[in-house]
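So the chains spell out like this:
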There are 2 protein chains.
Amino acid sequence: MTHPLFTKHEATLNQALAAIATRGYWSPFPEMPSPKVYGETASSDGEAAFKAHLNRTFDLDQPTTGETVGNERSPFGLALGIRYPKASVDALLAASAAAQSQWRAAGPHAWAGVSLEILTRLNKASFEIGYSVMHTTGQAFMMAFQAGGPHAQDRALEAVTYAWDLIRQIPANAYWEKPQGKNPPLAMHKRYTVVPRGTGLVLGCCTFPTWNGYPGIFADLATGNTVIVKPHPGAILPLAITVRIARDVLREAGFDPNVVMLLATESNDGPLVQDLALRPEIKLIDFTGSTQNGTWLERNAHQAQVYTEKAGVNQIVIDSVDNLKAVASNIAFSLALYSGQMCTAPQNIYVPREGIRTSDGQMSFDDVAKTLAAAVEKLIGDPARAVEVTGAIQNDGVMARIADARQLGEVLVDSQSLAHPAFPDAHVRSPLMLKLDVRTDTAKFTQEWFGPISFVIATDSTAQSLDLAGSIAAEHGALTFSVYSTDDAVVDAAYGAAIRGGVALSINLTGGVFVNQTAAYSDFHGTGANPAANSALSDAAYVANRFRVVQSRVHVAPKTAPPTASQPA
Amino acid sequence: MTHPLFTKHEATLNQALAAIATRGYWSPFPEMPSPKVYGETASSDGEAAFKAHLNRTFDLDQPTTGETVGNERSPFGLALGIRYPKASVDALLAASAAAQSQWRAAGPHAWAGVSLEILTRLNKASFEIGYSVMHTTGQAFMMAFQAGGPHAQDRALEAVTYAWDLIRQIPANAYWEKPQGKNPPLAMHKRYTVVPRGTGLVLGCCTFPTWNGYPGIFADLATGNTVIVKPHPGAILPLAITVRIARDVLREAGFDPNVVMLLATESNDGPLVQDLALRPEIKLIDFTGSTQNGTWLERNAHQAQVYTEKAGVNQIVIDSVDNLKAVASNIAFSLALYSGQMCTAPQNIYVPREGIRTSDGQMSFDDVAKTLAAAVEKLIGDPARAVEVTGAIQNDGVMARIADARQLGEVLVDSQSLAHPAFPDAHVRSPLMLKLDVRTDTAKFTQEWFGPISFVIATDSTAQSLDLAGSIAAEHGALTFSVYSTDDAVVDAAYGAAIRGGVALSINLTGGVFVNQTAAYSDFHGTGANPAANSALSDAAYVANRFRVVQSRVHVAPKTAPPTASQPA
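Residues numbered from 1 in each chain as written. Chains lettered and ligands numbered in written order. Predicted model: local features only at pLDDT ≥ 70, side-chain atom pairs only at ≥ 80, totals over all residues. Heavy atoms only, no water.

Tell me about the relation of the copies chain A and chain B, and please be specific about residues and values.
Take chain A, turn it by 180 degrees, move it 0.0 Å along the axis, and it overlays chain B with an RMSD of 0.0 Å. Such values leave the two copies arranged in the relation of a two-fold axis. The share of interface residues of chain A whose copies in chain B are also at the interface is 100%, consistent with both copies meeting through the same surface. (Least-squares fit on C-alpha atoms with pLDDT ≥ 70 in both. Contact = heavy atoms within 4.5 Å.)

If you want it as structure tokens, here you go:
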């Protein structure tokens, strides 16, 4: 039982299946915001569409109390003034349950086809979503477009692909025939039905509402579940647009649009979310956010499969380099990118206190630290260019954390307020870099300091650096780990530490790839093997528990005749 | 990096991969205890091997305190007198951790190859294990051989196959090349390593120690984990033999045998198990047993992936039949088989109070009940033959439950003590069947009465029967569900109820297939979609969370040259 939208997108799905198997570069969603690809007026149309949302009530035809909520502010300095229909949890759960039987019965081809059609429409809205991501998260536009648009769409398609890859392996029917010696065989017809779990809840974050939200939304949809999307109160708009597009596609395809619904809230929504997360109707939860909230969900929402991405301590080990300037330049970009407000941004940079080997000879610890600091200073030297890397600070918590971190040790580069040429009220802060020592400061650097905060840490040796990297990842979590070494044995040892810490390793990045960026279909985001996340985006484990198989069996006439009583000799 | 044992068993693994994809009949492990298959002396050799275990200490060269434990009694009336080396939890966890790095580094081919070699050796020991299962569980020999031997081996191989099927899809290496317009492409070499979670704990049950224990053991091994096997104190021997064989294979293949260890205990081991289950080293738990203990694990062992099979209420809906005698005969066998001491045995039989249609016309509720009762009476009419179906009662709890259940309603067939011709002290009890009514007795039949206890329940209609079946499965759990109807619309409605209840449906079984028996590679045992089990044996979800992938990436020279500056027009 196929579906027209499956047929429409089948070629893309097949390419995606090949991509996750070979893990080479591939994407159907162009990452450059180019007029040639997206259309000459796409950028201005998208910006206009974004601006049209401001200072009015977002239109969404789902169950509502009639009231509105919403209090988003752009980190670039403007109040968005958008209000969203307020919904009661009971009404949303009831509408989600009501939408289930038709959606469940539609079957896997429809789930995949509708998911892919939604993604195609989202891709067309990449500029509108990009501006919305920019003005809720504080990302600079290029990043907001790429990470919030095509890259998020890639991660969504990846989840759909993993779901389809498992589901397609379950036959709809089987013929089972068991020999019975001289008697006729036992023969049965069996039927297998993929059955979703029920309602999924996706809890968005304020820094990557679409990139971190889409995998859960689309993994749920592609396995036949209905979804309630609960954005972070500070970054509702990108997910509201997403939900509206999903509902449009569902409605046009003849489905109840309540398969996907939005639960917009204002700040202090913790008690509401905790109540909702424990409701028996909620069978799947995808969460991105703090370790405290994620762990609470893992330990309390027993009725649901819970997928979490939480805090971690990302680490860089510098052992030996050819050219420290190229290394420093790559690291500085990673530290400055979106002001380190990335779950993948590096924080701890380990350097042996005896210094490191370079192609120009031994370099002292202090000179390494100075070179790293100089690279940061160079990057922010032209504020007008720098703000296109750093974006703005998303919330006051990050601002306060920079102030707190400044007290932790000797400042190598202080965080500065940068003027944004286009947005005078934007909260822009350059990276803060401190010097610490493993002998005295362990308690300081074994926790996450989310934001533009990094530490150059003196260690006794590279061996100790690697040991720290592995054990801190295992104990405190990590999403990224990077090593710089010209010695193959050290690189091998780093891979060993990565395996112990359950964290992906990047080796000697000095060019256009940065440790905090991963590529869908090729890089697993997170491993699920350390406390930073209990799952990876995306793999089979991320989707396998979102559905179950119900079967039937009934006797039929055997196709094979029983052996004759006397076989010819 | 392949492994000689992988190569040796690769053809079998490929056949198993085909079997789980097509779900037709297949098995590499012959289920008939035939001298032609297993050897002329296999049965007597196996019985002798079993008897050689009695009244002595089981030899196992793993860490031990020097003391011994063990207090197994055969439900057929003999004390086994077997003592097992006592082990401290700390020593086992330390030895398991010490065995990990070599086993992890051996890689997926070794994990699969060693697992398959162990299964081949277990198959050769099927008679020894069969007699051991018989005299710990109380199963009659034929069932003990089949369910405890080849069928358990099939479920183990199925788990290995699902694990391999996922792992083989992760490439060891990838080349990733991302175009950069006019600039040279970004090119990276990536490496992917499958990493096990750590130590798995398998908690066995007293009725199917191997059948329910093997999937977890082999799913763990095939994904590179080490395993501690903690049998039920009443059924240690089959798993002790299994662990010894596994250790022999590991040792011969050059691995630390502590990859698989036994934790034998005596009764009242609850506190020890609870402490062990919460240890941070334990990353995977497979449990078969009571709802109380299973739910405790699910709610408390947050550090582990927990797979549980718990209690359920299995149901039969009788709507209309061609030949009630054939129906009754099939049901009676299902009720009597191993005295209903199966998680899959039916308990609630719903019949409309107005009676049912048969090919001989309408038959009243009471006549249906009488026909079912008569079939049970006929089956037990010859005790010497009946005991080969019923086996013996495993424990005093089941004996007490029969006495309690007798008070619940009108007795249709009373449970009798049957004399076993070979074992005069065996505890053999025939099925108890009672008459209940949905209008008054709901509280009685919405819980599991584990053992040879069933209820013929008068309902207002087949529609109500199906509604009960779906809702009781969803709320209280169920592993099996059976419908008898000559009406296609009713069968379709039953499949709808099965989907709502998340339970497999058997339709009109009147021949040699029984609702409480499932076939590996074809039937999923459990669905994971209702409270009776949070996973199915086996599917992708059962294995996907037992491993993770750690990757590395490093720049390499691009294979593709960048586009030339001026393309030909």
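After that view of the structure, there is still more to cover.
Break down helix α3 (residues 42-53) of chain A for me, citing the residues and quoting the values.
The end-to-end C-alpha separation of α3 of chain A is 17 Å, in line with the 16 Å expected for twelve residues at 1.5 Å each. Residues of α3 of chain A that are buried in the fold lie against α2 (35-38), α6 (126-137) and α10 (237-252) of chain A. (Helix = DSSP H or I, 4+ residues; strand = E, 2+ residues; numbered from the N terminus. Expected span 1.5 Å × (residues − 1).)

Report on the pattern of salt bridges, specifying residues and quantitative values.
Residues and elements named next belong to chain B. Inspection of the entire model under this criterion finds 52 salt bridges over all chains. One salt bridge in this structure joins Asp61 and Arg247, with 3.1 Å as the shortest N-O distance. Here Arg247 lies in helix α10 (residues 237-252) and Asp61 lies in the loop between α3 (42-53) and β1 (68-69), a separation of 186 residues in the sequence. Note that Arg439 and Asp460 form a salt bridge whose closest N and O atoms lie 3.0 Å from each other. (Salt bridge = Lys/Arg side-chain N within 4 Å of Asp/Glu carboxyl O.)

I'd love a proper account of the pairing of strand β9 (residues 305-309) of chain B, names of residues and values included.
Residue and element names in this part refer to chain B. Counting buried positions along β9 yields four of five residues, so the element is predominantly enclosed. As defined by bridge partners, strand β8 (residues 282-288) adjoins β9 across five bridges and the pair is classed as parallel. By the bridge assignment, Thr288 is partnered in β9 with Glu309. (Buried < 20%, exposed > 50% of the residue type's maximum accessible area, 1.4 Å probe, protein only. Pairing = 2+ DSSP bridges.)

I'd like to hear about the side chain of Thr136 of chain B, residue by residue, with values.
Residue and element names in this part refer to chain B. Structurally, the position occupied by Thr136 is in helix α6 (residues 126-137). By relative accessible area, which is 0% here, Thr136 ends up buried. Of note is the side chain of Thr136, whose polar atom sits 3.2 Å from the backbone oxygen of Val133. Thr136 has contacts with Glu72, Pro75, Leu80, Cys206, Gly234, Ala235, Leu237, Pro238 and Gln394, leaving out every residue within four places of it along the chain. (Polar contact = N/O pair within 3.5 Å; in protein donor to acceptor, adjacent residues only side chain to side chain.)

Can you explain the sheet that holds strand β5 (residues 199-203) of chain B? Please cite residues and give values.
Residue and element names in this part refer to chain B. Taken in spatial order, the five strands make up an open sheet running β7-β6-β5-β8-β9, and their pairing is parallel. The outermost strands of the open sheet, each flanked by one partner alone, are β7 (260-262) and β9. For this sheet, the mean inter-axis angle between neighbouring strands, taken without regard to orientation, is 15 degrees. (Axes fitted to C-alpha atoms, helices over the stretch in contact; angles between N-to-C directions.)

I'd like a rundown of the domain arrangement of chain A, residues and numbers included.
All names here are of chain A. According to the domain assignment, chain A consists of domain 1 (40-170 + 189-310) and domain 2 (315-507). For domain 1 and domain 2, the distance between their C-alpha centres works out to 33 Å. Each side of the interface is counted separately: domain 1 has 18 residues, and domain 2 has 19 residues. Summed over both partners, the interface of domain 1 with domain 2 comes to about 1300 Å²; 66% of that surface belongs to carbon and sulfur atoms. Three residues stand out in domain 1 for area buried against domain 2, namely Pro75, Phe76 and Met143, and they jointly supply 34% of the buried area on that side. The tally of links between domain 1 and domain 2 comes to zero salt bridges. Our enumeration of links across domain 1 and domain 2 arrives at five residue pairs in polar contact (both at pLDDT 80 or more). Broken down by element, the side of domain 1 that touches domain 2 gets its largest block of residues, four residues, from α6. Residues that form the side of domain 1 that touches domain 2 fall into these classes: nine nonpolar, eight polar and one charged. (Domains from an automatic or database assignment. Buried area = accessible area lost by both parts, 1.4 Å probe. Nonpolar A, V, L, I, M, F, W, Y, C, P; charged D, E, K, R; others polar.)

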